[in-house]
Amino acid sequence: MIDKQKNKKIPSHIGIIMDGNGRWAKKRGLNRIFGHEEGVKRVREIVEASVEADIKTLTLYSFSTENWSRPEKEVKFLLSLFKKVFQSEIEDLKKKGVKVRVLGRRDERVAPILNEIELLERETEKGSRLNLNIALNYGGRAEIVDAVRKIISKDIRNPENITEDLIYSNLYLPFMPDPDLLIRTGGEKRISNFLLWEIAYTELWFTDTLWPDFKKDEYFRAIEDYSRRKRKFGKVEEDA
């Protein structure tokens, strides 16, 4: 458990690359879909832990723009799983005070679950304890491309008018606070096209634990590790 009195340096925004569902299932001789189902349980646990720790924003990388290249059967299962979970979790999320927003391209590929996405966002919009962002059909490069397209559509052509704030204001979630901490499970040590604009100065934390085994205690250890770090944001720390 996080001691909020003793440890006041708690990240406001945490991003998580939830990696390892398929490998978790394979290690047990199971189909990959069982790993995804188990992974949903960890999402519930980490959301609850985030509320407990007073985290303000949690962004979960659930399905990337590259994941469409996975086997068709797996993709169809994931879409059906999203649909089921989005429908079933609404009341519990409302009770916990969780506001859900889905970020990513809402193109024809997500049309089968678009109604569920919009319902989930609408029903939880008054949540004030935790902002839960679900990155679905999301890619960091795609987000930047889409921001540039929005800017061009507004007929902003003068180079002097192109600023960081302008780009920021045209991202999927304009002016969302940058993540303080990015966690990746599953042993890989890369960003995988996640929040490329937003993580310029984010602290990184990697673990070999596969996502279905990533429990609340390890989540809190990552937060405690973050609390011991000094963030400089490119500045030189002067000698005391």
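Scroll up to find the structure.
This report concerns the structure included in the present document.

Thresholds, definitions, all that
- Residues numbered from 1 in each chain as written.
- Predicted model: local features only at pLDDT ≥ 70, side-chain atom pairs only at ≥ 80, totals over all residues.
- Heavy atoms only, no water.
- Pairing = 2+ DSSP bridges.
- Helix = DSSP H or I, 4+ residues; strand = E, 2+ residues; numbered from the N terminus.
- Axes fitted to C-alpha atoms, helices over the stretch in contact; angles between N-to-C directions.
- Contact = heavy atoms within 4.5 Å.
- Expected span 1.5 Å × (residues − 1).
- Buried < 20%, exposed > 50% of the residue type's maximum accessible area, 1.4 Å probe, protein only.
- Polar contact = N/O pair within 3.5 Å; in protein donor to acceptor, adjacent residues only side chain to side chain.
- Parallel < 35°, antiparallel > 145°, perpendicular 65-115°, else oblique.
- Left-handed = near helix turned anticlockwise from the far one by under 90°.
- Nonpolar A, V, L, I, M, F, W, Y, C, P; charged D, E, K, R; others polar.
- 1 Å grid on protein atoms, 1.4 Å probe; cavity = no way out; pocket = protein on both sides within 12 Å on 5 of 7 lines; lining within 4 Å.
- Points joined across faces, edges and corners; volume = space filled by probe spheres on them.
- Salt bridge = Lys/Arg side-chain N within 4 Å of Asp/Glu carboxyl O.

What to know about the sheet that holds strand β3 (residues 98-103)
Okay, so step 1: Read from one edge to the other, the open sheet built from 6 strands follows the order β3-β4-β2-β1-β5-β6, with strand pairing classed as parallel. In this open sheet, the two strands that pair with only one neighbour each are β3 and β6 (203-206). The mean angle between the axes of side-by-side strands here comes to 20°, regardless of whether they run parallel or antiparallel.
Okay, so step 2: The strands touched by helix α3 (residues 72-88) within the sheet are β2 (57-64) and β4 (130-138), with β2 carrying the most contacts at an inclination of about 150°.

Quick word on helix α2 (residues 32-52)
Okay, so step 1: Here α2 is 21 residues long and its end C-alpha atoms lie 31 Å apart, about the 30 Å a rise of 1.5 Å per residue gives.
Okay, so step 2: By the burial criterion, the buried members of α2 are Gly-35, His-36, Glu-38, Gly-39, Val-40, Arg-42, Ile-46, Val-47, Ala-49, Ser-50 and Val-51.
Okay, so step 3: At the N-terminal end of α2, a side-chain oxygen is found 3.0 Å from the backbone nitrogen of Ile-33, two or three residues along, and the residue is Asn-31.
Okay, so step 4: Looking one or two residues beyond α2, the residue adopting positive phi is Asp-54, at roughly 65°.

Some remarks on the packing of α2 against α3
Okay, so step 1: Packing of α2 against α3 leaves a shortest axis separation of 10 Å and a crossing angle of 25°. By the angle between their axes, α2 is roughly parallel relative to α3. Read as a crossing pair, α2 and α3 show a hand that is right-handed. On α3, the residues touching Arg-32, Ile-33, His-36, Glu-37 and Val-40 of α2 are Glu-74, Phe-77, Leu-78, Leu-81 and Val-85.
Okay, so step 2: Looking at side-chain class alone, the contact of α2 with α3 contains 6 nonpolar, 1 polar and 3 charged residues.

With respect to the pairing of β4
Okay, so step 1: Here β4 lies mainly inside the structure; 8 of its 9 residues are buried.
Okay, so step 2: Where β3 and β4 come together, 6 bridges link them in parallel fashion. Within β4, the residue paired with Leu-103 across the bridge is Ala-135.

Quick word on unusual backbone geometry
Okay, so step 1: At Asp-155, a residue that is not glycine, the phi angle is positive and equals roughly 60°.
Okay, so step 2: Secondary-structure assignment places Asp-155 in the loop between α6 (140-153) and α7 (164-168).
Okay, so step 3: The class of Asp-155 is exposed, set by a relative accessible area of 54%.
Okay, so step 4: One non-glycine residue with positive phi stands out, namely Leu-195, at about 50°.
Okay, so step 5: Locating Leu-195 in the fold gives a position in the loop between β5 (181-184) and β6.

Focus: the layout of surface pockets
Okay, so step 1: Size it by volume and the largest pocket reaches roughly 960 Å³.
Okay, so step 2: Residue lining of the largest pocket: 39 residues in total, with Met-18, Asn-21, Tyr-61, Ser-62 and Phe-63 positioned closest to the centre.
Okay, so step 3: Those elements giving two or more residues to the lining of the largest pocket turn out to be α1 (21-27), α2, β2, α3, α4 (90-96) and β4.
Okay, so step 4: With 8 residues, the single largest contributor to the lining of the largest pocket is α2.
Okay, so step 5: For the lining of the largest pocket, the class distribution of residues is 19 nonpolar, 9 polar and 11 charged.

A closer look at the pattern of salt bridges
Okay, so step 1: On inspection of all chains with the given rule, the structure shows 23 salt bridges.
Okay, so step 2: With its nearest N and O atoms 2.6 Å apart, the salt bridge here joins Asp-92 to Lys-96. Of this pair, Asp-92 and Lys-96 both sit in helix α4, 4 residues apart, which is roughly one turn of that helix.
Okay, so step 3: Under the relative-accessibility criterion, Asp-92 is labelled partly exposed at 33%.
Okay, so step 4: Note that Asp-107 is salt-bridged to Arg-109, the shortest N-O span being 3.3 Å.
Okay, so step 5: Each member of the salt-bridge network shares a partner with another, and the members are Glu-38, Lys-41, Arg-42 and Glu-45.

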